[in-house]
Amino acid sequence: MLPMKDKIYSHIIKCLDQLKLKYNKDFLVEVPNNIEHGDFSTNVALISAKMNNLKPRKMAEKIADTLGRKRSYRSVEIAGPGFLNFRLSNSIYHEALVKIIKAKKTFGSSDHGRGKKVLLEFISANPTGPLNVVSARAGAYGDSLYRIMTSAGFEAFREFYVNDAGNQVAILAESLELRYRELHGEKIEDFPIEAYHGDYIKELAANLNTVDGSKLFHISEEERLERMKNFALDEIHKMQVESLEKFDVQFDNWMSEKKLRQEGILEEALSYLAEANCTYEKDDAIWFSSTQFGDEKDRVLIKTDGNPTYLVPDIAYHLTKYQRGFDVIIDVLGPDHHGHVAKLRAAILALGLNIDKLEVVYLQHINLIQKGEVVKMSKRAGKIVTLNELIDEVGKDAARYFFIDRKPNAHLNFDLELAKKKSNENPVFYCQYAHARINSILKKAKKEKISLKEFEIKNLKKLNKNDELSLIKKMLELPSLLITCAESREPHRLAGYVHELAGMFHRYYAKYKIVDSNHLELSQSRLFLISAIKNVIAISLDLMGISAPNKM
RNA sequence: GCGCCAGUAGCUCAGCAGGAUAGAGCAACGGAUUUCUAAUCCGUAGGUCUGGGGUUCGAGUCCCUGCUGGCGUGCCA
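What you see is a predicted model; the values in this text were computed from it and never measured.

Student: Provide a residue-level description of helix α3 (residues 56-67), including the pertinent values.
Tutor: Across its 12 residues, α3 extends 16 Å between first and last C-alpha, which sits within 8% of the 16 Å expected from 1.5 Å per residue. Along α3, the residues that are buried comprise M59, A60, I63, A64, T66 and L67. Down the axis of α3, the smallest arc covering the buried residues is 165 degrees, so these residues share one side. Packing partners of the buried residues in α3 comprise α1 (4-18), α2 (44-48), β3 (73-79) and β4 (83-88).

Student: Outline helix α17 (residues 466-476), supporting the account with residue identities and numerical values.
Tutor: Among the 11 residues of α17, 9 are classified as buried, and the element is accordingly described as predominantly covered. Those residues of α17 that fall on the buried side of the exposure criterion are E468, L469, S470, L471, I472, K473, K474, M475 and L476. For α17, the secondary structure elements touched by its buried residues are α1, α4 (90-103), α18 (478-488), α19 (492-511) and α20 (520-543).

Student: Can you explain the state of the cysteines? Please cite residues and give values.
Tutor: Formally, a disulfide is one covalent bond, and it connects the sulfur atom of one cysteine to the sulfur atom of another. Throughout the structure, instances matching the rule amount to 0 disulfides. Cysteine C485 remains unbridged, with the sulfur of C431 as its closest cysteine sulfur at 14 Å.

Student: Quick rundown of the environment of A285? Include the residues and the values.
Tutor: Its place among the elements puts A285 in strand β9 (residues 285-288). Distance from A285 to I302, taken between C-alpha atoms, is 5.6 Å for residues 17 residues apart in sequence. Look past the residues within four positions of A285 in its chain and what remains in contact with it is Y280, V300, I302, K303 and T304.

Student: So, the pattern of salt bridges: which residues are in play, and what are the values?
Tutor: For the coordinates displayed, the defined rule picks out 33 salt bridges. With a shortest N-O distance of 2.8 Å, K396 and D248 are connected by a salt bridge. Remark: D248 occurs in the loop between α8 (221-246) and β7 (253-256) and K396 occurs in helix α14 (residues 396-405); sequence separation between them is 148 residues. Of the charged contacts, one joins K511 and D467 as a salt bridge, the two residues approaching to 2.9 Å between their closest N and O atoms.

Student: So what's going on with the packing of α17 against α19? Residues and values would help.
Tutor: α19 packs onto α17 with a crossing angle of 160 degrees between their chain directions and a minimal axis gap of 11 Å. As far as their axial angle goes, α19 and α17 are roughly antiparallel. Helix-helix and strand crossings are classified by hand; for α17 and α19 the assignment is left-handed. From α17, D467, E468, S470, L471, K474 and M475 reach across to α19, where they touch Y497, E500, L501, M504, F505, Y508 and K511.

Student: Which residues make up the nonpolar core, and what values do they have?
Tutor: By size, the foremost hydrophobic cluster in this structure holds 122 residues, and its most contacted members are F403, F414, M475, L494 and I533. Of the residues forming this core, the biggest block, 11 residues, is contributed by α20. Split by domain, this core shows at least three residues from each of two domains, domain 1 (4-88) and domain 2 (423-543). Judged by nonpolar contacts, the second largest core, of 29 residues, contains L119, Y161, M255 and A346.

Student: Account for the sheet that holds β3, with residues named and values stated.
Tutor: Spatial ordering of the open sheet is given by β1-β2-β4-β3, a layout of 4 strands whose pairing is antiparallel. The outermost strands of the open sheet, each flanked by one partner alone, are β1 (29-30) and β3. The pairing of β1 with strand β2 (residues 40-42) spans 2 bridges and is antiparallel. Residue pairing in the sheet places V29 in a bridge with T42 of β2. Each of β3 and β4 is contacted by α3, which is oriented at about 170 degrees to β3, the strand it contacts most.

Reading guide: rules and limits
- Residues numbered from 1 in each chain as written.
- Chains lettered and ligands numbered in written order.
- Predicted model: local features only at pLDDT ≥ 70, side-chain atom pairs only at ≥ 80, totals over all residues.
- Heavy atoms only, no water.
- Helix = DSSP H or I, 4+ residues; strand = E, 2+ residues; numbered from the N terminus.
- Expected span 1.5 Å × (residues − 1).
- Buried < 20%, exposed > 50% of the residue type's maximum accessible area, 1.4 Å probe, protein only.
- Arc of directions from axis to C-beta.
- Contact = heavy atoms within 4.5 Å.
- Disulfide = S-S within 2.5 Å.
- Salt bridge = Lys/Arg side-chain N within 4 Å of Asp/Glu carboxyl O.
- Axes fitted to C-alpha atoms, helices over the stretch in contact; angles between N-to-C directions.
- Parallel < 35°, antiparallel > 145°, perpendicular 65-115°, else oblique.
- Left-handed = near helix turned anticlockwise from the far one by under 90°.
- Core = buried A, V, L, I, M, F, W, Y, C linked by side-chain atoms within 4.5 Å.
- Domains from an automatic or database assignment.
- Pairing = 2+ DSSP bridges.

Here is the structure:
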């Protein structure tokens, strides 16, 4: 279904052609903030008047004269410096309302993305511990963006990059080894500061002990550490998947660094860089001359000890993103990784790949607030708040809502107490309650034997209150809103939208009686209206991964 | 030092790629329940959009610059 704005846009173009007027096609059709400015307004005359040697108001007049005769418009007025304000006939809204109901769960979706292939990489937390709240934000953001982009017609894929090779993982294995020894009575004097201190390592050691007992002492150290590593990686991966499931976040692919190494992609990437004359040897290391691509200084690719730096697998990984034929590559990164992107961009340029395909979204820090104070988190000391704890504490729905509600590159204060409150202070319940409330009204109607089955569309003309038309108008914003969310990679707009729609419904509910057997046709019309609202709220919440309860 | 991000009501934040009189929630104060679920609604109050320049019909939004805060700037990942 064509969004209302697009319909008006095309009416205007047709009219301009008819009048042989030139125009700047970047003009906008918008819903004005002020209801007195009509249902929709456009700045077409303001930005195109000069091209026709006309004053903006004069040009607007010509358009208004022609379009004003169309039946769809109740009025077309000129305002201010040359805005055109449109008021639509009620019947247009009524027809649209029917379409919302008929579209069911597909309302709001579009083919805007034309099947463009989009790779969304998010979370990609190290496989060295449970997921924390930073991952939680990334998960909520990435997954919602995935849902929204899919609904807007993109072919999107979710990917989690697992750094299951290299230094961190070696340290993980060593940490586990120490805890395992401890379990067997050895006294560990100084638990190394760079090791992982969290209690989960002790649990892993205990689990490992249940499986393998003490037999690991009878194999070589190399074999033992390999066993430790694989065991830890497996277990932690399972932990992460499990928490993400509770958070309703899934991935289409877990890309393993180890696998990239095994398949020789690192060498492939390095050879491409060498072919492009972008590498050189110095101080027994191999360097990437990234400065010629805008980086501050050149970077080491292969260390003096012969091992690659973390940059190499990352370049290799991104090489595969391009090789797999994605049109848009979105990296969702934490705040501490932005220094890294200059190097990566340099590498992509060096490889001769299209840099415009790569987009980076930075998610800023999160402060958890408890009793007005910031909860201190420290990974080293094992003092982290995990995704699991967060879900146990405030629930999946509230957690997701709070993360999605903020725009990605803004710092986020997460008030744990507020998220827990089951009251009007908590916006997520406000939205869900609107949905539950509508359901309860529908049930009540059923009880009073008012059914929508014998409802006649022509009775919709009973819906003539401004509040009712505004509700329809609001619902009609969804399709273009979802496109905006998808294009700007900003799901937070959707959170604001549901909140507004829920608010409009709550006010409508307070003001008007919906179920009234003395006014059957009116009741049915209003039930029809609120069914549509219920549908739109459910769709929106679902796109954010939040449940829409029928009862609260 | 350099780079990235941010600075809007007492607090937390929106502001829909430059539009008309800057919005919402919370907190504060005053009101509304024999209900269609009060997890709601109505009302009051609250602002030099960090300071300064510029671009144009028009700037919270774009450009330059100052200030403040966060982060980054490893042969760690």
